[in-house]
Amino acid sequence: MEAESEPYVRLATMRQLHQAVADLNTARSLADTLQTVADGIVEGLGYELGCVNLVRPDGDLVIAAFAGNAAAEALITGRVGSRDSWERRLSMGEAWDQLRFIPHTEGWVLLDDDVPQWHTEGPEPRFEDEWHPLDRLYAPMYASAGGRDLLGVISVDRPRNGRRPGAWGREALQMYASQAAIAISNARLRANMQRALVRLEREQQALRASEESFRQAFEYAPSGMAIAEMGGDQQGRLLRTNDALCRLLGRPVSVLRRYSFADLVHPEDIGTLLRTSAEGGRAELRLSRRDGTYLWVSLRNSVVADTADGPRFLLTHVEDIEERKRHELNLAHRASHDALTGLPNSAELKSRLSARICERPHSPAATAIEALDAAYGDVESSLTHGYQADGYEGEAIPGGGPFDHHVHTAAPDPAHDDGTKGLAVLFCDLDGFKSINDRFGHHTGDAVLIEVARRLSTCVRDGDTVARLGGDEFVVLADGLGAADAADLAVRLRNAIIPPIRVDGRAVRVGASFGIGWAECGMTVEEVLRSADQRMYVEKRSRSKVHRRAG
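Residues numbered from 1 in each chain as written. Predicted model: local features only at pLDDT ≥ 70, side-chain atom pairs only at ≥ 80, totals over all residues. Heavy atoms only, no water.

Engineer: Where do I start with the overall build of the chain in this structure?
Structural biologist: For the chain, the count of helices and strands is 20 helices and 18 strands. Counting over 551 residues, the chain shows a buried share of 46%. In the chain, 59% of the contacts between residues at least 6 apart in sequence involve partners at least 24 apart. In the form shown here, the chain has an accessible surface area of approximately 28000 Å², with 50% of it arising from carbon and sulfur atoms. (Helix = DSSP H or I, 4+ residues; strand = E, 2+ residues; numbered from the N terminus. Buried < 20%, exposed > 50% of the residue type's maximum accessible area, 1.4 Å probe, protein only. Contact = heavy atoms within 4.5 Å. Areas by Shrake-Rupley, 256 points an atom, 1.4 Å probe, with all protein chains shown as cover.)

Below, the structure written as structure tokens:
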């Protein structure tokens, strides 16, 4: 089972990777992009040295950028290694998916080849996964996703933790290499487009030749390109699109010319599009396809100015980032969910619970006279009790304005059922689980936890939350319940857990003890969970051992 801190480590790694990738898109030139790639290895991925080897037109690789050591940078930047030597390196050692790791026990044969190298002497590793100064780790960059057209190679050295990267670190490096390849390709493409545009503006006599050069770069670009009108009655209308954009959106050229990007963008992203179109720059948003689905794209606008009349149109580069977005969502899900059961983990549970309660306790409802005062203009009274002229009841929370729209959460009184509904917090602890783990092993214990998670999930409503705190403890959040409703739900959940669970042909049983707490504004998340936990232990002690027996 994962350590409790693992989701936080993964989330931190994802944030660092996301920032490093975001920095790639801020570079203005190919040289800036290459140096940003090298800097990101050191600043975002946790290595002391990072090097970018770029494929030249003749096939050899030149060291285009270096980060982490000024002396090494001055010594080897600009030096060239032959393609044959690099092909040899990328076929040696261990293949970590698309990465290539060459341990020092094999890499000594490379000390005399023509690839520029920088290393320092060091002791032999003291443990199995310790990094050796002569270890080598390479991340190839390819010009297109899934292709084998080598664009360059990222080489890294000396992880800051002194160990060879684990699965999580390898995945982060591989993702970074993929995004770096896209950034370098885009930088080259932008440079080509800018050169074409400069020729169009400055060389009137060579207009035909420049137009043809621009047309080819535009039409045959591997990613989507569009020219949109800027200003006038048809602001944003697409004047021209290339085949890549048509394929991306599943629409022919003749159809796309009837639209603007505002017609295609997801309703939630229209503000982002308008800001990007007005200012130029880059945005990530969703565009609709012909089949009605939406596709995540990176959209970069360049305002192309006419020397006589000012800005005339937008040159837009559209890159498919659906796979990266899906991967980010997957990483976010893995960081917030339990790896064994797939349920929300402790951090996600606390986040959802925190979103429902505030620091200020819920105040009693206003009297009928106070409500009339609020309706007829007694502003002071309406602000005090949270009433507005439209009848909305809300109360200001610390740091908010008087018309805060937070809906306060109150707890029903278990001793007097007056119809109040609240957010029930059911704390579940399995009875007899430890004996199953001790007798049959962790494999059986894990299978029991997975089945219990499934049974709990099938017994709650859509919108309710079933989370695993860790070990054999689960928590259920169920909103809109009265005291009797919560008690009935606890009985249903307990009855769902009790039936035997078959694991490897063996039937085992566990019981469950439930404590019912209530989330209420004015309480902290820890207080809410502690209250439910304490009530669970009271309930556990009050029941006989016969009813709690399992095995």
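Engineer: Explain the pattern of salt bridges to me, please; I cannot follow it from the model alone.
Structural biologist: A complete count under the given rule lists 29 salt bridges for this structure. Arg324 serves as the salt-bridge partner of Glu284, at 2.4 Å between the closest nitrogen and oxygen. Of this pair, Glu284 sits in strand E10 (residues 281-288) while Arg324 sits in helix H12 (residues 322-336); the two residues are 40 residues apart in sequence, bridging distant segments of the chain. Between Lys325 and Glu284 there is a salt bridge, with its nearest N and O atoms 3.2 Å apart. Residue Lys325 is located in helix H12, and its partner Glu284 is located in strand E10; the two are separated by 41 residues in the primary sequence. Linked by salt bridges that have partners in common, Arg282, Glu284, Arg324, Lys325 and Glu328 make up one network. (Salt bridge = Lys/Arg side-chain N within 4 Å of Asp/Glu carboxyl O.)

Engineer: Would you mind going over a nonpolar patch on the surface with me for this structure?
Structural biologist: Together, Trp108, Val109 and Leu111 make up an exposed nonpolar region whose accessible area comes to about 280 Å². Its location among the elements puts Leu111 in the loop between helix H5 (104-107) and strand E6 (136-142). (Patch = residues over 30% accessible without salt bridge, like charges linked within 9 Å, V, L, I, M, F, W, Y side chains within 5 Å.)

Engineer: So what exactly am I meant to see when it comes to the sheet that holds E6 here?
Structural biologist: Strand pairing in a sheet relies on backbone hydrogen bonds. The paired strands run either parallel or antiparallel. The strand order across the open sheet formed by seven strands is E3-E2-E1-E7-E6-E5-E4, and the pairing between neighbours is antiparallel. Each having just a single partner strand, strand E3 (80-81) and strand E4 (94-96) make up the two edges of the open sheet. As paired elements, strand E1 (residues 47-55) and strand E7 (residues 150-159) share seven bridges and run antiparallel to each other. Counterpart to Leu54 in the pairing with E7 is Gly152. (Pairing = 2+ DSSP bridges.)

Engineer: Whenever I open this one, the sheet that holds strand E14 (residues 465-470) confuses me. Can you help?
Structural biologist: The strand order E14-E15-E13-E18 describes an open sheet built from four strands, whose pairing is antiparallel. Strand pairing shows two members of the sheet lacking a second neighbour, E14 and strand E18 (511-519), which therefore form its edges. The mean inter-strand angle of the sheet, taken between neighbouring strand axes irrespective of direction, is 25 degrees. One ladder, built from five bridges, connects E14 with strand E15 (residues 473-481); its direction is antiparallel. Residue pairing in the sheet places Arg468 in a bridge with Phe474 of E15. In this fold helix H13 (residues 346-354) packs onto strand E13 (422-431), E14, E15 and E18, with an angle of close to 135 degrees to the strand it touches most, E14. (Axes fitted to C-alpha atoms, helices over the stretch in contact; angles between N-to-C directions.)

Engineer: Please clarify how the side chain of Arg494 should be interpreted in this entry.
Structural biologist: If you trace the backbone, Arg494 turns up in helix H18 (residues 483-497). At 3.0 Å, the side chain of Arg494 and the side chain of Glu539 are in polar contact. (Polar contact = N/O pair within 3.5 Å; in protein donor to acceptor, adjacent residues only side chain to side chain.)

Engineer: What is the right way to read the state of the cysteines from this model?
Structural biologist: By definition, a disulfide links the sulfur atoms of two cysteines through a covalent bond. Taken as a whole and judged by the stated rule, the model has zero disulfides. Here Cys521 stays unpaired: no disulfide links it, and the sulfur of Cys358, its closest cysteine neighbor, is 3.6 Å away. (Disulfide = S-S within 2.5 Å.)

Engineer: Can you help me understand helix H17 (residues 442-458) in this one?
Structural biologist: Think of an α-helix as turning once every 3.6 residues; residues three or four places apart then point the same way. In a regular helix each residue adds 1.5 Å, so 17 residues correspond to 24 Å; H17 covers 24 Å between its end C-alpha atoms and thus fits that length. Three or more residues of H17 are buried, namely Thr444, Gly445, Val448, Leu449, Glu451, Val452, Ala453, Arg455 and Leu456. (Expected span 1.5 Å × (residues − 1).)

Engineer: I would appreciate a short explanation of the pairing of E1 in the present structure.
Structural biologist: On a regular strand, each side chain points to the face opposite its neighbour's, so the side chains alternate between the two faces of the sheet. Where burial is concerned, most of E1 is hidden: eight out of the nine residues are buried. Pairing geometry for E1 and strand E2 (residues 61-67), over six bridges, is antiparallel. Counterpart to Leu54 in the pairing with E2 is Val62. Linking two consecutive strands that pair antiparallel, namely E1 and E2, is a turn of five residues; a positive phi of about 100 degrees is found at Gly59 within it.

Engineer: What should I look at first to understand the packing of helix H16 (residues 433-440) against H17 in this one?
Structural biologist: Relative to each other, H16 and H17 sit at 145 degrees, their axes nearing to 7 Å. In contact with Phe433, Ile436, Asn437 and Phe440 of H16, H17 contributes His442, Thr444, Gly445, Val448 and Leu449. The class makeup of the residues in the contact of H16 with H17 is five nonpolar, four polar and no charged. (Nonpolar A, V, L, I, M, F, W, Y, C, P; charged D, E, K, R; others polar.)

Engineer: Please explain the packing of aromatic side chains as it appears in this structure.
Structural biologist: According to the stated counting rule, one finds three aromatic pairs in the structure shown. Note on Trp86 and Tyr138: the rings are 5.3 Å apart at their centroids and 75 degrees apart in plane angle, and the pair reads as edge-to-face. Linking Trp86 in helix H4 (residues 83-89) with Tyr138 in strand E6, this pair joins segments that are 52 residues apart in sequence. With respect to class, Trp86 is no different from Tyr138; both count as buried. Here Trp96 and Phe101 contribute two aromatic rings whose centre-to-centre distance is 4.6 Å and whose plane-to-plane angle is 10 degrees, an arrangement assigned as stacked. Classification of Phe101 as buried rests on a relative accessible area of 0%. Taken together, Trp96, Phe101 and Trp131 form an aromatic cluster joined through their ring pairs. Against the face of Tyr259 rests Arg251, its NZ or CZ located 5.3 Å from the ring centre. (Phe/Tyr/Trp six-rings, centres within 6.5 Å; stacked < 30°, edge-to-face > 60°. Lys NZ or Arg CZ within 6 Å of the ring centre and 35° of its normal.)

Engineer: When you look at the nonpolar core in this model, what are you seeing that I'm missing?
Structural biologist: General note: in soluble globular proteins, nonpolar side chains tend to be found buried as a group. Among the nonpolar cores identified, the biggest contains 38 residues, and Val37, Leu137, Met141, Ile154, Leu173 and Tyr176 are the most heavily contacted of them. Counting residues per element, the ones that place at least two in this core are helix H1 (6-24), helix H2 (30-44), E1, E2, strand E5 (99-102), E6, E7 and helix H6 (167-202). Tallying contributions element by element places H6 first for this core, with 10 residues. Ignoring any residue separated from it by four or fewer positions in sequence, one finds Met141 in contact with Val52, Asp149, Leu150, Leu151, Gly152, Val153, Ile154, Ala177, Ala180, Ala181 and Ile184. (Core = buried A, V, L, I, M, F, W, Y, C linked by side-chain atoms within 4.5 Å.)

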